Amino acid sequence: MGSNLRTVYNSLHGMLWSALHTLPYVALAIIVYAIFHLAARALRNIITRISIHHEHQRNVGLVLGRLVQGTTMLLGVLVALVIAIPSFKPVQLVQLLGIGSVAIGFAFRDILQNFLAGILILLTEPFKIDDQIVVGEHEGTVEAIETRATMIRTYDGRRVVIPNSNIFTEAVMVNTAFPKRRLQYDVGIGYGDDIEHARELMLNALRGSETVLDDPAPEALVVDLAGSWVTIRIRWWMDPPRKLDTMRSVDRVLTAIKRDLTAAGIDLPFPTQQILFHDQTEDTDGDRSRQREGWPAGANGATVPRRATP
């Protein structure tokens, strides 16, 4: 019994002595890793700050800064492990990763897809931070492009986090890719109104709005003869093409057009439907020169009901 207790005591004493012996190495390893961590953050901030002054290289600076930060922190981990565990060799970690690379690849497939897609998005720059984009059912302003996901702020003040793999494989509409944007709206006028007069009123309203550019010039085109009105499509260009500016431009243009058309007596009809009842007993039935699809032929050609034959 005494020999067993002595064995246990010796084992605990050896473990405690070993821990105390390695404690300075662990503390030194933590300090070294902290230095590498601070250096990684400093390098990333320096690269990002330099790239900010070059708009076309800002995304490249973000990618390079993150890669440098990750590489520096990985190097710090390896150095800290070597210091804390003198018997540790980086080759062993490489061999371990090589053996488990297949399992790691399956386990982190989605993460790796998003990471690679994020790198490609930052390098190819299909859109930039502060651009306004539409991805699927989501629309808003790009807040950040991370290596895993892209974050956009919707117009009603919400944040949407979209995985980069979705953005890379789906169609993305960038509303602010160009400095100008064309807007359009369909206006219906009555069939009895003068099309040219209505067209001129609309163009004058467009030219009088401060939100409409003179070049390219605004247009008013007849595009449809609908059931209750003649459709005139107005098209104009504005700058800048941001969501708030487009809404204000549409508001001012439509307000001016409605005011001018109403003042000139131009009809703005709403959908109507006529139901004609025809008993098919007039003597004009079958005579296309006199029959008027259910309407009376008039005073000179009043319809006379036919006598039904037995």
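Look above for the structure.
Small disclaimer: the values here were computed from a predicted structure and weren't measured.

Draft legend 1. Geometry of the sheet that holds strand β7 (residues 219-225). Spatially, the three strands line up as an open sheet ordered β6-β8-β7, and their pairing is antiparallel. Two strands lie at the open edges of the sheet, namely β6 (181-189) and β7, each paired on one side alone. Geometrically, the sheet is characterised by an average inter-axis angle of 25° between neighbouring strands, direction not taken into account. In this structure, β7 lies alongside strand β8 (residues 230-238), joined through six bridges in antiparallel fashion. If you follow D224 over to β8, its bridge partner there is T231. Across the face of the sheet, helix α7 (residues 195-207) comes into contact with β6, β7 and β8 while running at roughly 20° to β8.

Draft legend 2. The arrangement of helix α8 (residues 243-263) in detail. Given a rise of 1.5 Å per residue, 21 residues ought to cover 30 Å, and the 30 Å separating the end C-alpha atoms of α8 matches this to within 8%. Of the positions making up α8, those classed as buried are T246, S249, V253, A256, I257 and L261. Projection of α8 onto a plane perpendicular to its axis shows the buried side chains occupying an angular sector of 120°, all on one side. Turned more than 90 degrees from where α8 packs its buried face, M247, R259 and A263 sit exposed.

Draft legend 3. Structural detail: the nonpolar core. Grouped together as the largest cluster of nonpolar side chains are 21 residues, with contacts concentrated most on M202, I234 and L261. Ranked by residues supplied to this core, first place goes to α7 with six residues. The contacts of M202, once residues within four sequence positions are left out, are V187, I189, I232, I234, I257 and L261. Formed by 14 residues, the second largest nonpolar core is a distinct cluster that contains L122, V135, V142 and I152.

Draft legend 4. Spotlight on the pairing of β8. Bridge count between β6 and β8: nine bridges; the pairing is antiparallel. In the sheet register, R181 faces β8, and the bridge partner there is M238.

Draft legend 5. Spotlight on the pattern of salt bridges. For the structure shown, the criterion picks out ten salt bridges. A salt bridge links R159 to E143; the nearest nitrogen and oxygen atoms lie 3.1 Å apart. Note that R159 is positioned in strand β4 (residues 159-163) and E143 in strand β2 (residues 138-145), a separation of 16 residues in sequence. Residue R159 is classed as exposed on the basis of its relative accessible area of 56%. Of the charged contacts in the structure, one is a salt bridge between R158 and D156, with a shortest N-O distance of 3.0 Å. Via salt bridges that share partners, E143, R153 and R159 belong to a single interconnected network.

Conventions used here
- Residues numbered from 1 in each chain as written.
- Predicted model: local features only at pLDDT ≥ 70, side-chain atom pairs only at ≥ 80, totals over all residues.
- Heavy atoms only, no water.
- Pairing = 2+ DSSP bridges.
- Helix = DSSP H or I, 4+ residues; strand = E, 2+ residues; numbered from the N terminus.
- Axes fitted to C-alpha atoms, helices over the stretch in contact; angles between N-to-C directions.
- Contact = heavy atoms within 4.5 Å.
- Expected span 1.5 Å × (residues − 1).
- Buried < 20%, exposed > 50% of the residue type's maximum accessible area, 1.4 Å probe, protein only.
- Arc of directions from axis to C-beta.
- Core = buried A, V, L, I, M, F, W, Y, C linked by side-chain atoms within 4.5 Å.
- Salt bridge = Lys/Arg side-chain N within 4 Å of Asp/Glu carboxyl O.

Remember that the coordinates give geometry; whether it matters functionally is a separate question.
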